[in-house]
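Analysis of the macromolecular model
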Amino acid sequence: MRDRLLAAEKVKAIDWRDGALHLLDQRALPSRESWVTCTTVDEVAQAIRSMVVRGASAIGISAAYGLVLAARSRLAEGGDWQAAWEEDYALLADSRPTAANLFWALQRMRDRLDRLKKPADPLAVLEAEAIAIHESDREANLVMAQLGVERIRRHQGNAQAILTHGNAGALSTGGVGTALGVIRAAFLEGLVEQVYANETRPWLQGSRLTAWELAGEGVPVTVNADSAGAHILKTKGVTWVVVGADCIAANGDVIGKIGTYQLAVCAMHHGVRFMVVAPSSTLDLMMATGEDVALEERDPDELRDIVGQWLEVDTYNPVFDVTPADLIDVIVTEKGIVERPDAAKLAKLMCRKRLH
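Residues numbered from 1 in each chain as written. Predicted model: local features only at pLDDT ≥ 70, side-chain atom pairs only at ≥ 80, totals over all residues. Heavy atoms only, no water.

Quick look at the overall build of the protein chain now. A count of helices and strands for the protein chain gives 11 helices and 16 strands. Over its C-alpha trace the protein chain gives a radius of gyration of 20 Å, about what one expects of a compact globule, namely 21 Å for 356 residues. When each of the 356 residues of the protein chain is scored for burial, the buried share is 55%. The contacts of the protein chain with a sequence gap of at least 6 include a subset with a gap of at least 24, amounting to 73%. For the protein chain, the computed accessible surface area is about 14,900 Å², with 51% contributed by carbon and sulfur atoms. Taken as two groups, the 38 positive and 48 negative side-chain charges of the protein chain have centres that lie 6 Å from each other. (Helix = DSSP H or I, 4+ residues; strand = E, 2+ residues; numbered from the N terminus. Rg over C-alpha atoms; globule rule 2.2 N^0.38 Å. Buried < 20%, exposed > 50% of the residue type's maximum accessible area, 1.4 Å probe, protein only. Contact = heavy atoms within 4.5 Å. Areas by Shrake-Rupley, 256 points an atom, 1.4 Å probe, with all protein chains shown as cover. Lys, Arg positive; Asp, Glu negative; His and termini not counted. Charge placed at Lys NZ, Arg CZ, Asp CG, Glu CD.)

For Val223, the position within the fold is in strand 6 (residues 221-224). Under the relative-accessibility criterion, Val223 is labelled partly exposed at 40%. Separated by 28 residues in the primary sequence, Val223 and Asn251 have C-alpha atoms spaced 32 Å apart. Excluding residues that lie within four positions of it along the chain, Val223 makes contacts with Ala197, Glu199, Ser207 and Ala211.

So, on to the packing of helix 3 (residues 56-77) against helix 6 (residues 122-155). Here helix 3 crosses helix 6 at 170°, and the two axes come no closer than 9 Å. Classified by the interaxial angle, the pair formed by helix 3 and helix 6 is roughly antiparallel. For the pair helix 3 and helix 6, the contacting residues are Ser57, Ile61, Ala64, Tyr65, Val68, Ala71, Arg72 and Leu75 in the first and Pro122, Leu123, Leu126, Glu127, Ala130, Ile131, Ile133, His134 and Asp137 in the second. A per-class count over the contact of helix 3 with helix 6 returns 12 nonpolar, 2 polar and 3 charged. (Axes fitted to C-alpha atoms, helices over the stretch in contact; angles between N-to-C directions. Parallel < 35°, antiparallel > 145°, perpendicular 65-115°, else oblique. Nonpolar A, V, L, I, M, F, W, Y, C, P; charged D, E, K, R; others polar.)

This part takes up the UniProt feature "binding site: substrate" (unreviewed entry) in the protein chain. Feature annotation in UniProt places "binding site: substrate" (unreviewed entry) on Arg54, Gly55, Ala56, Arg96, Gln205, Gly256 and Lys257, given in this structure's numbering. Secondary-structure assignment places Arg54 in the loop between helix 2 (41-49) and helix 3. We classify Arg54 as buried; its relative accessible area is 7%. The contacts of Arg54, once residues within four sequence positions are left out, are Gln26, Ile59, Arg96, Asn167, Leu171, Ser172, Gln205 and Leu209. Reaching out from Arg54, the side chain makes a polar contact with the side chain of Gln26 at a distance of 2.6 Å. (UniProt positions renumbered as here; feature names shortened; annotations may be inferred. Polar contact = N/O pair within 3.5 Å; in protein donor to acceptor, adjacent residues only side chain to side chain.)

Time to look at the packing of aromatic side chains. If you walk through the whole model with that rule in mind, you get 2 aromatic pairs. Seen from the ring of Tyr89, Arg110 lies directly overhead, with NZ or CZ sitting 3.8 Å from the centre. (Phe/Tyr/Trp six-rings, centres within 6.5 Å; stacked < 30°, edge-to-face > 60°. Lys NZ or Arg CZ within 6 Å of the ring centre and 35° of its normal.)

When the UniProt feature table is mapped to this numbering, "active site" (unreviewed entry) covers Asp246. By the element assignment, Asp246 lies in the loop between strand 7 (238-243) and strand 8 (247-249). Leaving out residues up to four positions away in the same chain, Asp246 has contacts with Ala56, Thr98, Ala99, Ala100, Asn101, Ile255, Gly256, Lys257, Thr282 and Phe320.

In this section: the sheet that holds strand 7. Through backbone hydrogen bonds, the strands of a sheet pair up, either in parallel or in antiparallel fashion. Read from one edge of the open sheet, 7 strands run 6-5-4-7-10-15-16, paired in mixed fashion. Where the open sheet ends on each side, the last strands, each with one partner, are strand 6 and strand 16 (336-339). Ignoring strand direction, the axes of neighbouring strands in this sheet form an average angle of 25°. In this structure, strand 7 lies alongside strand 10 (residues 273-277), joined through 4 bridges in parallel fashion. From the neighbouring strand, Val243 faces strand 10, where its bridge partner is Val276. Contacts from helix 11 (residues 343-350) reach strand 15 (330-333) and strand 16 within the one sheet, and its direction differs from that of strand 16 by about 175°. (Pairing = 2+ DSSP bridges.)

What follows deals with the sheet that holds strand 3 (residues 35-38). Taken in spatial order, the 3 strands line up as 1-2-3 in an open sheet, and their pairing is antiparallel. Two strands bound the open sheet, and with one partner strand each, they are strand 1 (14-17) and strand 3. Going from strand to strand, the sheet's axes swing by 20° on average, the running direction of each strand aside.

Shown next as structure tokens:
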């Protein structure tokens, strides 16, 4: 399966080359493919804030490269470059406050710098660490895809309908994707009859990004309004909802794209199994429950422009919601699978070595 997934791979959203970070501008998709080149940490932070790059893993990878760019600039300035570098660290940490992978990647880069021994070149060491984070995510995607497709096959061994929400694909990771990695693998195994993609307002990650990714690889995908999700679960024979996550609390609560919670409620009502696919770096054992996270809200004006007409009303624009653990059937990580997650099971999972 690993080789087949790699052979089918068509989408790449992050490219580190010639000392610069190149990001596929996800705001322009699907109408055009354009790239944004970042040569400074400020440009990386702005790319994260402005949704040039999005998705928990992709944000973390980009931030790691951002710290490489920061180190290059601070070393050139001389003086106490590490103190100045910590300011850049804080800038990136503030760019998207909910994504657990962002803080995980930043901390990993700081830890590597703390272990630095003279006469090692700090810039070379940090660059190697950022590349390792990127490559590790790519490999984790492949492992999760294989684990997830086996669970789908075990539940029902023929072609079936799957519903997904948001974009947890190659555009949001360093590889084939988390949720979409599983869906891609299931399609290659003949286990996908139809994928339904919630449009995912207000940024339309489902219709602009997920549908673009899947259609480009020949996966049968239908875009539907978010409000049609429950009706589709009731009438279209969907057997699995498969989604990604931006953060997973110690008890198994999942912080995901806004609309995930209501989808999980509807899935339980209709007897549809609910799968969350995310690398172990998304799990924060220091966060007891999902209620402990500060959920990001974006500019209310994102909701006021309706087909060219401006709404002069109050708007509420949360980016994420919390899906309680008791609504989740399976969490898939590169370390293994947890069914009906709880604190004890997830703590045990995090003690495991990574699967290969």
